[in-house]
Amino acid sequence: MRTQVGIVGAGPAGLMLGHLLHLYGIESVVVETRPRQYIEERVRAGVLEQGTVDLMNRTGVGERMRREGLLHDGIDIGFRGHRHRIDIRELTGNAITVYAQHEVVKDLVAARIAAGEPVVFEADHVAIADLDSDRPVLRFSSNGIATELRCDFIAGCDGFHGICRPSMPEGVLTAFERSYSFGWLGILAEAAPSHNELVYMQHQRGFALFSMRSPKITRLYLQCNPQEDINDWSDDRIWAELLLRLKSSDGWKPNLGPILQKSVTPMRSFVVEPMHYGSLFLVGDSAHIVPPTGAKGMNLAISDARVLAYGLAAYYKGGEKEFLARYSEICLRRVWKIQRFSWWMTSVLHRFPDANSFDLRRQEAELDYLTSSTAAMKSLAENYAGLPLECEDEWTK
Ligand code: FAD
Ligand code: DHB
């Protein structure tokens, strides 16, 4: 069997890449180890940048998002018990949309299937080889039948724990990493959101975040120990801690309700350079991870996919390889800006266990500056709503 582009992984990166390639008239096969239902229900990100929203709308997969997504013009940043609104729309002309990652995945899977493009779920023994040739191979088995797919290119969209990054020869990659001494405990609660925008709250007991998924479902996060056993957190304990940390001087607090799902996520910043070797391109979390504080991971995965699709289209249209050769350099410029922003949001809002009294005062001064200076608010707003894209494709305004 053969195809033009073998795509490993059906997360936002792999599915968006497959979708854009289809629109460019380029064949691809998506190979995913998990069942369809699992990827369509996996609870993860929730905030879409303006550029991601525009891309979904302009490529015909935004219909449900327009109906069900929640458009937010601003966010609240809180400290010392006071909330301060940052008006992203007024500062940048852009906004964000709250629409769960698994809904984006559902929309992209539906579009792929409707287009008759191949996607293999529950694949076993996924492996890639011959990456230094112009006929790399993607091997997998499905329902006990082994397949060898010859490709022109392979896109490694298989996340942080995938097989593509480790398939590069030793010595090619340089890794840049920072781990954090805390994680996030996240819950979904059956409770109407008590506020119509997100609240990022710094508190001496640790960071807390108020978000939502729909007019009936609230999403909340608490800074916690990364090794925290979720079984030690009863629903009552979670609510007590959330109420303490989110308590606002104006009396605002989240509505309580049955907890539908809870989990602990560790945090890291991670980048490999380059994101390209031979016929293999790394896309999204397979090449980089950001801490979740800036809500950037899925958006970044989608912008990598967009750059790669553009480069592949240039190659198939006129044999032009120059853009593809610059894929890594082009993506990494954005990756590092997003790493900076996500690290900064994390550092101003979390309680670092080794912080001394000087650090705490300095952190409060930073939040005071951030919420009182138009220049500082504008800097946050333009990063939060999304920096301009690195390539001008047909879906750029
Ligand atoms: P993934 O979504 O990890 O997809 C990779 C896919 O590859 C998976 O489906 C996996 O099953 C598959 N796979 C793995 N190995 C193989 C293999 N060997 N063969 C075939 N397939 C394989 N980001 C935001 O932008 N905004 C947010 O608000 C946000 N909040 C977050 C909150 C939490 C709690 C978490 C955990 C993450 C959050 N993120 C957020 C990050 C975001 O979820 C990720 O950055 C995003 O999923 C990256 O997409 P991806 O397609 O690169 O990787
Ligand atoms: C959500 C996740 C984030 O990382 C964030 O910064 C804001 C919201 C969410 O899951 O809703």
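Scroll up for the structure.
A brief report on the enclosed structure follows. (Residues numbered from 1 in each chain as written. Chains lettered and ligands numbered in written order. Predicted model: local features only at pLDDT ≥ 70, side-chain atom pairs only at ≥ 80, totals over all residues. Heavy atoms only, no water.)

In terms of helices and strands, the protein chain carries 13 helices and 20 strands. Compactness check: the protein chain gives a C-alpha radius of gyration of 21 Å against a globular reference of 21 Å for 397 residues, within 12% of the reference. On the principal axes, the C-alpha backbone points of the protein chain span a range of 65 × 45 × 40 Å. Accessible surface for the protein chain amounts to roughly 17,100 Å². Of this, 49% is attributable to carbon and sulfur atoms. Here the protein chain contributes 44 positively and 50 negatively charged side chains, and the mean placements of these two sets differ by 3 Å. (Helix = DSSP H or I, 4+ residues; strand = E, 2+ residues; numbered from the N terminus. Rg over C-alpha atoms; globule rule 2.2 N^0.38 Å. Areas by Shrake-Rupley, 256 points an atom, 1.4 Å probe, with all protein chains shown as cover. Lys, Arg positive; Asp, Glu negative; His and termini not counted. Charge placed at Lys NZ, Arg CZ, Asp CG, Glu CD.)

The next thing to look at is the pairing of strand S6 (residues 82-87). Sheet topology places strand S5 (residues 74-79) next to S6; six bridges connect them, and they run antiparallel. Bridge assignment links Phe79 to a residue of S6, and that residue is His82. Taking the residues between adjacent antiparallel strands as the criterion, S5 and S6 are bridged by two residues, where Arg80 takes a positive phi near 50°. (Pairing = 2+ DSSP bridges.)

The next point concerns the pairing of strand S11 (residues 145-150). Pairing between strand S10 (residues 137-142) and S11: six bridges, direction antiparallel. Bridge pairing in S11 places Arg139 opposite Glu148.

Between two aromatic rings, the relevant description is the distance of the centres plus the angle of the planes. Evaluated as defined, the whole model comprises 17 aromatic pairs. With centroids separated by 5.9 Å and ring planes inclined at 40°, the aromatic side chains of Tyr180 and Phe182 adopt a geometry described as tilted. Judged by its relative accessible area of 7%, Tyr180 falls in the buried class. Pairwise contacts between aromatic rings join Phe153, Phe281, Tyr315, Tyr316 and Tyr327 into one cluster. Against the face of Tyr38 rests Arg34, its NZ or CZ located 4.2 Å from the ring centre. (Phe/Tyr/Trp six-rings, centres within 6.5 Å; stacked < 30°, edge-to-face > 60°. Buried < 20%, exposed > 50% of the residue type's maximum accessible area, 1.4 Å probe, protein only. Lys NZ or Arg CZ within 6 Å of the ring centre and 35° of its normal.)

Turning next to the nonpolar core. Counting residues in each nonpolar core, the largest one holds 76 residues, and the members touching the most others are Leu17, Leu138 and Leu308. Contacts of Leu17, omitting those with residues within four sequence positions, involve Ile7, Ala155, Cys157, Ala305, Leu308 and Ala309. In this structure, Ile96, Leu209, Phe341 and Ala385 belong to the second largest nonpolar core, which totals 50 residues. (Core = buried A, V, L, I, M, F, W, Y, C linked by side-chain atoms within 4.5 Å. Contact = heavy atoms within 4.5 Å.)

On to the site of ligand 2. Surrounding ligand 2, one finds 14 residues, the nearest of these being Tyr200, Ser211, Arg213, Tyr221 and Pro292. The separation between an oxygen atom of ligand 2 and a polar main-chain atom of Ala295 is 3.5 Å. Isolated, ligand 2 exposes 290 Å² of accessible area, and the fraction of that covered by the protein chains is 97%. Its residues assigned to classes, the shell around ligand 2 shows eight nonpolar, three polar and three charged. If you count residues domain by domain, the shell around ligand 2 takes at least three from each of domain 1 (5-46 + 100-173 + 274-351) and domain 2 (178-267). (Near = heavy atom within 4 Å. Polar contact = N/O pair within 3.5 Å; in protein donor to acceptor, adjacent residues only side chain to side chain. Nonpolar A, V, L, I, M, F, W, Y, C, P; charged D, E, K, R; others polar. Domains from an automatic or database assignment.)

We now examine the state of the cysteines. A disulfide bridge is the covalent bond that connects two cysteines by way of their sulfur atoms. Going through the model one piece at a time under the given rule, you end up with zero disulfides. Cys164 supplies the cysteine sulfur nearest to Cys151, a cysteine that is in no disulfide, at a spacing of 10 Å. No disulfide involves Cys164; its nearest neighbouring cysteine sulfur is the one of Cys157, lying 7.7 Å away. Cys164 gets classed as buried once you look at its relative accessible area, which sits at 0%. (Disulfide = S-S within 2.5 Å.)

On to helix H8 (residues 235-246). With 12 residues, H8 extends 16 Å between its outermost C-alpha atoms, agreeing within 8% with the 16 Å of an ideal straight helix rising 1.5 Å per residue. Taken together, the buried positions of H8 are Ile238, Trp239, Glu241, Leu242, Arg245 and Leu246. One side of H8 carries all its buried residues, which in axial view fall inside an arc of 165°. Structurally, H8 contributes buried residues whose contacts are with strand S13 (174-190), strand S14 (198-201), strand S15 (208-214), strand S16 (217-224) and strand S17 (259-273). (Expected span 1.5 Å × (residues − 1). Arc of directions from axis to C-beta.)

The local shell around ligand 1 holds 34 residues, among which Glu32, Arg42, Arg44, Gln101 and Met298 are the closest. A distance of 2.9 Å separates an oxygen atom of ligand 1 from a polar atom in the backbone of Ala13. Here an oxygen atom of ligand 1 sits 3.2 Å away from a polar atom, N or O, in the main chain of Asn299. Contact with the protein chains hides 88% of the accessible area of ligand 1, taken as 1,000 Å² for the molecule alone. Those elements that provide at least two residues to the shell around ligand 1 are helix H1 (12-24), S16 and helix H9 (297-318).

Our focus in this paragraph is empty space enclosed by the protein. Going through the model one piece at a time under the given rule, you end up with one cavity of 30 Å³ or more. Volume-wise, the largest cavity comes out at about 30 Å³. Residue lining of the largest cavity: Ile39, Arg42, Arg44, Gln101, His102 and Val105, and that is the complete set. It is helix H6 (residues 101-114) that contributes the most residues to the lining of the largest cavity, three residues altogether. (1 Å grid on protein atoms, 1.4 Å probe; cavity = no way out; pocket = protein on both sides within 12 Å on 5 of 7 lines; lining within 4 Å. Points joined across faces, edges and corners; volume = space filled by probe spheres on them.)

Note that every value here comes from positions in space, so none of it alone points to a role or purpose.
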